[in-house]
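# Reading the structure
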Amino acid sequence: MPDIFVADRKIEDKTKVEKRPQVKKPRVDKLKESSIHSLPGHSHNPLAAFCYYPDHARFATQDKEEQVVLLLRKHPITNLRWIIIAAVLIMAPLLLTTFPIINFLPERFQIVALISWYLLVAAFIFEEFLGWFFNVYIVTDERIVDVDFVNLVYREITDANIDQIQDVTAQMGGVVRTIFKYGDVVIQTAAEVPRIEFEAVPDPDRVSRILRDLRIEEEQEKLEGRVR
Amino acid sequence: MELTIPILGVSVWFIAKIFALFALLIYIIFSVVIVRQVNLMTETLEVGFESPLKVIALFHLILAILVFIFALIIL
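Keep in mind it's a predicted model, so treat the numbers as computed, not measured.

Definitions and cut-offs
Residues numbered from 1 in each chain as written. Chains lettered and ligands numbered in written order. Predicted model: local features only at pLDDT ≥ 70, side-chain atom pairs only at ≥ 80, totals over all residues. Contact = placed C-beta atoms within 7 Å. Helix = DSSP H or I, 4+ residues; strand = E, 2+ residues; numbered from the N terminus. Nonpolar A, V, L, I, M, F, W, Y, C, P; charged D, E, K, R; others polar. Pairing = 2+ DSSP bridges. Buried ≥ 20, exposed ≤ 12 C-beta atoms within 10 Å, placed from the backbone. Axes fitted to C-alpha atoms, helices over the stretch in contact; angles between N-to-C directions.

### Overview of the interface of chain A and chain B
Facing the 26 residues of chain A at the interface are 27 residues of chain B. Secondary-structure elements contributing two or more residues to the side of chain A that touches chain B are strand 2 (58-59), helix 5 (107-134) and strand 5 (143-151) of chain A. Ranked by the residues each element gives to the side of chain A that touches chain B, the list is headed by helix 5 of chain A, at 12 residues. In terms of residue class, the side of chain A that touches chain B is built from 21 nonpolar, 2 polar and 3 charged. Relative to strand 3 (residues 45-46) of chain B, strand 2 of chain A runs antiparallel, the two sharing 2 bridges. Its bridge partner being in strand 3 of chain B, A:Arg58 is matched across the sheet by B:Glu46.

### Some thoughts on the pairing of strand 4 (residues 137-140) of chain A
All names here are of chain A. Taking every second residue as pointing to the same face, both faces of strand 4 are buried, with Tyr 137 and Val 139 on one and Ile 138 and Thr 140 on the other. Examined bridge by bridge, strand 3 (residues 68-72) and strand 4 share 4 bridges and lie antiparallel to one another. In the strand pairing of strand 4, Val 68 is matched with Thr 140. In the sheet, strand 4 pairs with strand 5 via 3 bridges, with the strands oriented antiparallel. Across the sheet, residue Ile 138 finds its bridge partner in strand 5, namely Val 145. Between the end of strand 4 and the start of strand 5, which pair antiparallel, lie 2 residues.

### With respect to the sheet that holds strand 1 (residues 50-52) of chain A
Residues and elements named next belong to chain A. Strands sit in the order 1-3-4-5-6 across an open sheet of 5 strands; the sheet is antiparallel. For this open sheet the edge positions go to strand 1 and strand 6 (154-161), each flanked by a neighbour on one side alone. Strand-to-strand twist in this sheet, taken as the mean axis angle between neighbours without regard to direction, amounts to 15 degrees.

This is the structure:
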């Protein structure tokens with residue numbers, strides 16, 4: 001005997017399809033290793049001030065699946081001030097031949113004073129270098145991070161999600177900044193820290209363009225309902 | 001030239017030596033702080049340049065200790 005009523009299976013299937021599945025967000029490793037290496041701005045130099053998709057960059061608060069898109073430092077030319085100071089400090093003992101101000105000391109004291117002086121200069125150079133090297137700005141596929149080492153043992157890590165970015169301003173002005181093509185990128189956010197500033201970074205226009213692309217990508221992901 | 005402080009009866013250079021050694025001792029502590037600082041920094045950010053920085057910090061500490069010993073001997 002034929003069934004009087006048979007549920008339409010096709011309709012059921014349709015409703016299943018309509019439910020938006022929570023697709024795992026693919027990492028940016030869509031970009032193959034080889035294509036990353038050929039990207040403009042990608043660098044293997046660990047001292048690079050602008051590194052697009054750096055190879056080995058990891059930071060303390062990074063999530064497992066989070067990928068570093070951009071690693072920025074202050075432009076190397078900003079180091080010129082302390083390099084000049086260091087050069088002057090290195091040369092300073094030569095003045096003692098013209099102005100023998102420590103000649104009243106016995107020779108053994110003079111030797112120790114000279115060695116101690118160069119030790120202090122070495123510490124000054126190392127400290128300044130560390131300050132430049134580790135004060136970085138990081139852009140990942142999820143957020144922007146500002147790593148600050150305020151003094152010898154105090155660090156501050158500020159971050160804001162990409163989707164919390166409200167406004168990005170690239171500033172470049174002044175003779176030196178125009179010649180060496182570096183400037184500030186000011187980012188207004190809806191996060192707890194309302195303003196994150198990338199100071200004196202190379203190619204600020206490109207940084208703001210990358211941030212804009214990431215914001216668009218993030219919005220698209222939201223619309224598609226993709227989550228990590 | 002041997003100068004002495006009349007009341008204490010000790011050489012001025014002996015006092016200067018104590019001050020110099022104290023300053024170098026403080027410097028050793030500062031060098032230890034630098035080593036700790038580099039460790040903290042490399043834990044915060046890894047970019048594949050950690051080993052040279054750690055070696056430099058350690059070398060600086062060793063140098064500070066050596067200068068202290070040198071001063072202890074020659075002053």
